Amino acid sequence: MEILFMNPVFKQMIWGGRKLADKWNYDIPGDNTGECWAVSAHPNGDCTVKGGAYDGKKLSALWAEEPELFGNVDSDRFPLLIKIIDAKEDLSIQVHPNDAYAGKNENGSLGKTECWYILDAPEGASLVIGHNARNKEELTDMIRNGRWKEFLREVPVKKGDFIQIDPGTVHAIKGGIEILETQQNSDITYRVYDYDRLTDGKPRELHVEKSLDVITVPAKAVEDSVINVAGGAKNEPELLVECDYYRVWKLDVDGAVALRQEYPFLIMSVIEGEGRIDGQPVKKGDHFILPNRYGEANIEGKLLLIGSTV
Ligand code: ZN
């Protein structure tokens, strides 16, 4: 049984930069590259398999044609999407719908639950997670009247923080922050506020009404949103989150680990260092899937991985 290595898809964004080339060694399409869709079968960025029996095949096609590789999971599409985001500038303030709202209002799309592992952040960095409105009336007033300073809840973050973002959570990554995102396979984002920026002389579209429909009020407490997972156990998977859509682990390898792949499939991203998996060299920036019934994977070297499954 072979490991499915991925060819990422890159996205140009007004807030993007060059770190995906300079720090990750990716061959990026331009100086405003904001996202690396590392493991994705979404129509807006469908990864292909790198090497092996399925070389060049799209992940969406593999999911449809070889379901046994993924444990015959009952889903009409590959359920997850893994991204690296390099924010040179602040991202817009946004919120995602849940499955029910997206299914009804976005042509049957899935909603979006996502989580972030902070790969790097400058000294004193912060993110927007949640808001300060106490009730729906205050929420509406703050958004309609642009009371952004009062509305937005900024939270300090550092490398190694982990954040779960449920649908309905107002959020935004700020400039200088790099994250690995694990999310449902969805591209539905409602933009609440974009700092009045212009692209080609025009502001980007906002989705105020839909945002007001889906924002959770009051917001979840900060303490329930951000945890620091730097350090921790070595050479054994550490569960970071388990929700209705995914399970995510951190695996800090220093030496050798025998990892049991006992899930429908197991996605892995190397986010630091280098080593080998069952003899094949892997390094920072590599993303791969251990298919169903892969058995035990022997990982050796000094490397940090983020793993996920449904
Ligand atoms: Zn988001």
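Calculation notes
Residues numbered from 1 in each chain as written. Predicted model: local features only at pLDDT ≥ 70, side-chain atom pairs only at ≥ 80, totals over all residues. Heavy atoms only, no water. Salt bridge = Lys/Arg side-chain N within 4 Å of Asp/Glu carboxyl O. Helix = DSSP H or I, 4+ residues; strand = E, 2+ residues; numbered from the N terminus. Buried < 20%, exposed > 50% of the residue type's maximum accessible area, 1.4 Å probe, protein only. Domains from an automatic or database assignment. Contact = heavy atoms within 4.5 Å. Buried area = accessible area lost by both parts, 1.4 Å probe. Donors = N, O, S within 2.8 Å, 3.2 Å for Na, K, Ca; no water. Tetrahedral: all angles 85-135°; square planar, octahedral: opposite > 155°, others 65-115°. Arc of directions from axis to C-beta.

What follows is about the pattern of salt bridges. As enumerated under the stated definition, the model contains 26 salt bridges in all. A salt bridge links E178 to K23; the nearest nitrogen and oxygen atoms lie 2.6 Å apart. You can see E178 sitting in strand 14 (residues 178–184) and its partner K23 sitting in the loop between helix 1 (19–22) and strand 3 (33–39), a full 155 residues away along the chain. Residue classification places K23 among the partly exposed residues on the basis of a relative accessible area of 33%. A salt bridge links R134 to E138, with the nearest nitrogen and oxygen atoms 2.6 Å apart. On the accessibility criterion, R134 (63% relative accessible area) is exposed.

Before going further, it helps to examine the domain arrangement of the protein. Each assigned domain of the protein is listed here: domain 1 (4–228) and domain 2 (238–309). Each of domain 1 and domain 2 has a C-alpha centre, and the two are 22 Å apart. Opposite the 35 residues of domain 1 that make contact, domain 2 presents 28 residues. Around 2,500 Å² of area is buried between domain 1 and domain 2 when both sides are counted, 72% of it from carbon and sulfur atoms.

Ligation of the zinc ion by protein atoms is provided by H96 (NE2), E114 (OE), E114 (OE) and H171 (NE2), these donors lying 2.1 to 2.5 Å from the ion. One can describe the site at the zinc ion as irregular: its four donor atoms subtend angles covering 52 to 127° at the metal. Linear spacing of the donor residues for the zinc ion on their chain is H-x17-E-x56-H. Taken together, the residues H96 in the loop between strand 8 (93–95) and helix 3 (99–105) and H171 in strand 13 (residues 171–172) connect sequence positions 75 residues apart.

Given 3.6 residues per turn, any residue in an α-helix points the same way as the ones three and four places further on. Listing the buried residues of helix 4 (residues 136–144) in full gives E138, L139, M142 and I143. Along helix 4, the residues classed as buried sweep out an arc of 125° about the axis, all on the same side. Each element contacted by the buried residues of helix 4 is listed here: strand 10 (126–131), helix 5 (148–151), strand 15 (190–193) and helix 6 (208–214). The first or second residue beyond helix 4 is G146, which carries a positive phi of 60°.

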